Amino acid sequence: NIGFGESLYKLQTDGTVLSSFAAPCSDPEGLAYGNGYLWNIGFNGTLYKIDPATGTILFTYDTPASTILGLTSDGTNLWISADDGRIYRYPFSGL
């Protein structure tokens, strides 16, 4: 859980902040990197595709998940877990 109203930070390995931008939603529940983009998902299931260099939201998608528990990437797909026990797979080729 990222936290309410937080920013996203790009860090060097020593922890130095290189850049930051506001999280795209007030209730972010997951953050993943895949296919050259940052992916953020809100508690309500809205998925955001973000340009990691600028923080620009490039795409939003309302998933069928009602309450999100997590988001991850395996390099080919995004995986979203929901509190109803379901796991959703979204291939990058379809996003």
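Note that this is a predicted model, so its numbers are computed, not measured. (Residues numbered from 1 in each chain as written. Predicted model: local features only at pLDDT ≥ 70, side-chain atom pairs only at ≥ 80, totals over all residues. Heavy atoms only, no water.)

Enquirer: Help me understand the sheet that holds strand β3 (residues 28–34), please; the structure alone is not making it clear to me.
Expert: Hydrogen bonds between backbone groups are what pair the strands of a sheet, and the pairing can be parallel or antiparallel. Spatially, β3-β4-β5-β6 is the arrangement adopted by the four strands of the open sheet, whose pairing is antiparallel. Looking along the sheet, the strands with just one partner apiece sit at the ends: β3 and β6 (57–62). Pairs of neighbouring strands in the sheet enclose a mean axial angle of 20 degrees, with direction left out of account. In this sheet, β6 lies alongside strand β5 (residues 46–50) in antiparallel orientation, the contact comprising five bridges. (Pairing = 2+ DSSP bridges. Helix = DSSP H or I, 4+ residues; strand = E, 2+ residues; numbered from the N terminus. Axes fitted to C-alpha atoms, helices over the stretch in contact; angles between N-to-C directions.)

Enquirer: Looking at this model, I keep getting lost on the side chain of N77. Mind explaining?
Expert: Positionally, N77 belongs in strand β8 (residues 77–82). Side chain to side chain, N77 and R89 meet in a polar contact 3.1 Å long. Discounting residues that sit within four places of it in the chain, N77 has contacts with T72, R89, Y90, P91 and F92. (Polar contact = N/O pair within 3.5 Å; in protein donor to acceptor, adjacent residues only side chain to side chain. Contact = heavy atoms within 4.5 Å.)

Enquirer: Please clarify how the sheet that holds strand β9 (residues 87–91) should be interpreted in this entry.
Expert: Strand order in the open sheet made by the three strands is β7-β8-β9, with antiparallel pairing throughout. Both edges of this open sheet fall to β7 (68–73) and β9, since each of them pairs with a single strand only. Neighbour to neighbour, the strand axes of the sheet diverge by 20 degrees on average, direction disregarded. As paired strands, β8 and β9 are joined by five bridges and run antiparallel to one another. Looking at the pairing, L78 lines up with Y90 of β9.

Enquirer: Looking at this model, I keep getting lost on the nonpolar core. Mind explaining?
Expert: The tendency in soluble globular proteins is for nonpolar side chains to be buried side by side. Formed by 13 residues in total, the largest nonpolar core has its most connected members in W39, I41, L47, L71, L78, I80 and Y88. Where this core is concerned, the elements lending two or more residues are β4 (37–42), β7, β8 and β9. Setting aside chain neighbours within four positions, we find L71 in contact with G30, L31, A32, W39, N40, I41, L47, L78, W79 and I80. Within the second largest apolar cluster, seven residues are counted, among which are L8, C25, L38 and Y48. (Core = buried A, V, L, I, M, F, W, Y, C linked by side-chain atoms within 4.5 Å. Buried < 20%, exposed > 50% of the residue type's maximum accessible area, 1.4 Å probe, protein only.)

Enquirer: Whenever I open this one, unusual backbone geometry confuses me. Can you help?
Expert: Most peptide bonds adopt trans geometry, and most residues besides glycine take a negative phi value. In this structure, N35 takes a positive phi of about 60 degrees despite not being glycine. Relative to the assigned elements, N35 resides in the loop between β3 and β4. The partly exposed category is assigned to N35, whose relative accessible area is 48%.

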